[in-house]
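A look at the structure
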Amino acid sequence: MTSSSSQATARTSSEARAVARTQTLIKGTAGIGVVRKTTLPGGLRIVTETLPSVRSATFGIWAHVGSRDETPSLNGATHYLEHLLFKGTTRRSALDISSAIDAVGGEMNAFTAKEYTCYYARVLDTDLPLAIDVVCDMLTGSLIREEDVDVERGAILEEIAMTEDDPGDCVHDLFAQTMFGDNPLGRPVLGTVDTVNALTADRIRRFYKKHYDPTHLVVAAAGNIDHHKVVRQVRAAFEKAGAFKSADAAPIAPRDGRRAIRTAGRVELIGRRTEQAHVVLGMPGLARTDDRRWALGVLNTALGGGMSSRLFQEVREKRGLAYSVYSYTSGFADCGLFGVYAGCRPSQVHDVLKICRDELDQVAEHGLSDDEIGRAIGQLRGSTVLGLEDTGALMNRIGKSELCWGDQMSVDDMLARIAAVTPDEVRSVARDILGRRPSLSVIGPLKDKQAARLHDAVA
């Protein structure tokens, strides 16, 4: 990174050619829900949503990097780096970082996914300048010291062990591996014991410098805030750190599709002494930019999105074969997943799988009824709004939208798009997705004969 003085000189020389650009993306109503975006000369994007009726604000920074960007030997580096940015900067120790937010009753955390990483703090609106300063300092001034890498390695290995001890969580990692194989999307976000033990401070620093350039970042804030004040405070924090390399730098474009990954009929089993068998049956889904994702959302809701869904009714209500059963979708830049999860007694695995497979085949061939589709549309519209009732959810929505789509959609437009889904669109996507040969992942105390029979479930 350049020094702040040299950065200021570069910025002055480019002032005529590169200036901050501010747009109003969503006008809102009476000043509520206004979404604005400013792109700074250094390529940093800042999006905000104003909600004057609350007394909180959530501030986050999204990085255009996830476990998908790792080589096999770097598996887990993105998540490792997420931990290390809390360990201290040139201005603050790890204790200074945590105590600053604790002292005002705020919340601070981060998460790593396969295609992005996010760091955020939720505070009272009056404490937003503090949150901005702390989070920006973490992202621009992390030290990544050798001793911190060594200490945090132990914490990450414990996190991996904790995940391994939760088969209901671990089975989803196994399903990704089943579907994608030895591909970055198939590897665990946390990495493995071997890859985490092999990562060095020098390799993580290089990863940090490559992926945490301002052109790869999106700043998002939501709540009782003023957009222009947020822009000024963020800009000052990044300039103070000398983070802007060039006034002419342009933001990185949203991740595009590399190649669609399609698999079928794979079975992965892990024998483990658990009280339940944990099962995921699924097939390729849709990329997050696919226009059919709205119809798939309705299909997913009707199949396994609530207590009235087909899978819940058939597996739990009518037969009592499982306590937890649901379906889900995951969309990436170029592909996606559709899965059905169930946790049941090992002796009931085959019955549960047969019911799930029969229901998927039935919907693929005959579709859902108009009543089921109408109920799912209403449920999806309601849950969409209820899920955006706090500033953290609003920050997540606008930050992820800018990073992944490069665009914003108002809540009203989202509701209208869901409401516009037709029964024919749902039936069409059901034929396309559910008509494919599924793959299967299972973790549990399976006997040899049971394991052999499980291959029949995807035949």
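Residues numbered from 1 in each chain as written. Predicted model: local features only at pLDDT ≥ 70, side-chain atom pairs only at ≥ 80, totals over all residues. Heavy atoms only, no water.

As a further point, take the overall build of the protein. In terms of regular secondary structure, the protein is built from 17 helices and 12 strands. For a compact globule of 459 residues, the expected C-alpha radius of gyration is about 23 Å, and the protein comes in at 24 Å, within 12% of that figure. Seen through its C-alpha atoms, the protein measures out along the principal axes to roughly 70 × 50 × 40 Å. When each of the 459 residues of the protein is scored for burial, the buried share is 54%. Summarising the internal contacts of the protein: among those between residues at least 6 apart in sequence, 79% fall at separations of at least 24. Within the protein, the 59 negative side-chain charges are centred at a point lying 3 Å from the centre of the 56 positive side-chain charges. (Helix = DSSP H or I, 4+ residues; strand = E, 2+ residues; numbered from the N terminus. Rg over C-alpha atoms; globule rule 2.2 N^0.38 Å. Buried < 20%, exposed > 50% of the residue type's maximum accessible area, 1.4 Å probe, protein only. Contact = heavy atoms within 4.5 Å. Lys, Arg positive; Asp, Glu negative; His and termini not counted. Charge placed at Lys NZ, Arg CZ, Asp CG, Glu CD.)

Let us now look at the UniProt feature "domain: Peptidase M16 N-terminal" (unreviewed entry) in the protein. In the UniProt entry, the feature "domain: Peptidase M16 N-terminal" (unreviewed entry) is given for residues 45-192. Split by type, residues 45-192 is 43% helix and 19% strand. Its first and last C-alpha atoms lie 33 Å apart. (UniProt positions renumbered as here; feature names shortened; annotations may be inferred.)

Summed over the entire model, instances satisfying the criterion amount to 10 aromatic pairs. Ring geometry for Phe111 against Tyr120: centres 6.3 Å apart, planes inclined by 50°, an arrangement best described as tilted. Seen in terms of ring centroids, Phe180 and Phe332 are 6.2 Å apart; in terms of plane orientation they differ by 75°. Their pairing is edge-to-face. Here Phe180, found in helix H6 (residues 167-180), pairs with Phe332, found in the loop between strand E10 (324-331) and strand E11 (336-344); they are 152 residues apart in sequence, far enough to count as distant. Of the two residues, Phe180 and Phe332, neither departs from the other in class, the shared state being buried. Taken together, Trp62, Phe111, Tyr116 and Tyr120 form an aromatic cluster joined through their ring pairs. (Phe/Tyr/Trp six-rings, centres within 6.5 Å; stacked < 30°, edge-to-face > 60°.)

Attention now moves to the nonpolar core. Considering soluble globular proteins, one finds that nonpolar side chains tend to be buried as a cluster. Ranked by internal contacts, the top residues of the largest apolar core, which has 52 residues, are Leu44, Phe59, Ile61, Tyr212, Val234 and Phe238. In terms of residue count, the dominant contributor to this core is helix H4 (residues 128-141) (8 residues). If near-sequence neighbours (up to four positions away) are discounted, Val234 is found in contact with Leu44, Ile46, Phe59, Ile132, Cys136 and Val219. Of all hydrophobic cores here, the second largest spans 50 residues; its members include Ala277, Trp294, Leu353 and Ile377. (Core = buried A, V, L, I, M, F, W, Y, C linked by side-chain atoms within 4.5 Å.)

On to the packing of helix H11 (residues 310-317) against helix H12 (residues 349-366), then. One can describe the packing of H11 onto H12 by two numbers: an axis separation of 10 Å at closest approach and a directional angle of 150°. When the interaxial angle is binned, H11 and H12 end up roughly antiparallel. As H11 runs across H12, the sense of the crossing is right-handed. Where H11 approaches H12, its residues Arg310, Leu311, Glu314 and Val315 are matched on the opposing element by Val352, Ile355, Cys356, Glu359, Gln362 and Val363. Partitioned by chemical class, the residues of the contact of H11 with H12 number 6 nonpolar, 1 polar and 3 charged. (Axes fitted to C-alpha atoms, helices over the stretch in contact; angles between N-to-C directions. Parallel < 35°, antiparallel > 145°, perpendicular 65-115°, else oblique. Left-handed = near helix turned anticlockwise from the far one by under 90°. Nonpolar A, V, L, I, M, F, W, Y, C, P; charged D, E, K, R; others polar.)

Here helix H15 (residues 411-419) has its buried residues at Met414, Leu415 and Ile418. Viewed end-on, H15 has its buried residues packed into an arc of 95°, placing them on one side of the element. Looking at the buried positions of H15, the neighbouring elements they touch are helix H10 (293-304), helix H13 (370-386) and helix H14 (391-404). (Arc of directions from axis to C-beta.)

Going through the model one piece at a time under the given rule, you end up with 31 salt bridges. Note that Glu107 and Arg122 form a salt bridge whose closest N and O atoms lie 3.9 Å from each other. Taken as a pair, Glu107 in strand E5 (residues 107-112) and Arg122 in strand E6 (residues 117-124) lie far apart in primary sequence, 15 residues in all. Residues joined by salt bridges that share partners form a network here, namely Arg68, Glu115, Arg288 and Asp334. (Salt bridge = Lys/Arg side-chain N within 4 Å of Asp/Glu carboxyl O.)

Moving on: the side chain of Asp334. In this fold, Asp334 is placed in the loop between E10 and E11. Judged by its relative accessible area of 11%, Asp334 is buried. Polar side-chain contacts of Asp334 include one of 2.7 Å to the side chain of Arg68. (Polar contact = N/O pair within 3.5 Å; in protein donor to acceptor, adjacent residues only side chain to side chain.)

With that settled, the discussion passes to the sheet that holds strand E7 (residues 217-223). In space, the 7 strands of this open sheet follow the order E1-E2-E3-E7-E4-E6-E5, with mixed pairing throughout. With one partner strand each, in any of the chains shown, strand E1 (21-26) and E5 form the two edges of the open sheet. The sheet shows a mean angle of 15° between the axes of neighbouring strands, direction not considered. In this sheet, E7 lies alongside strand E4 (residues 56-63) in antiparallel orientation, the contact comprising 7 bridges. Within E7, the position partnered with Ala63 by the bridge is Leu217. Packing of helix H9 (residues 227-240) onto the sheet brings it into contact with E1, strand E2 (34-39), strand E3 (45-50), E4 and E7, and relative to E3 it is tilted by some 150°. (Pairing = 2+ DSSP bridges.)

Reading across from one edge, E8-E12-E9-E11-E10 is the order of the 5 strands in this open sheet, with mixed pairing throughout. The open sheet has two edge strands with one neighbour each: strand E8 (267-271) and E10. Here the strands of the sheet are splayed against their neighbours by 15° on average, with no regard to which way each runs.

Attention shifts here to the confidence of the model for the protein. Taken over all residues, the pLDDT of the protein has a mean of 92, while the share at 70 or more is 94%. Here residues 1-17 is a poorly scored stretch, pLDDT under 50, and it has 22 contacts once near neighbours within four places are set aside; other chains count. (pLDDT = per-residue confidence, 0-100.)

Quick look at a negative patch on the surface now. Residues Asp165, Asp166, Asp169 and Asp173 make up a contiguous surface patch of negative charge. As for its position among the elements, Asp166 is in the loop between helix H5 (146-164) and H6. (Patch = residues over 30% accessible without salt bridge, like charges linked within 9 Å, V, L, I, M, F, W, Y side chains within 5 Å. Areas by Shrake-Rupley, 256 points an atom, 1.4 Å probe, with all protein chains shown as cover.)

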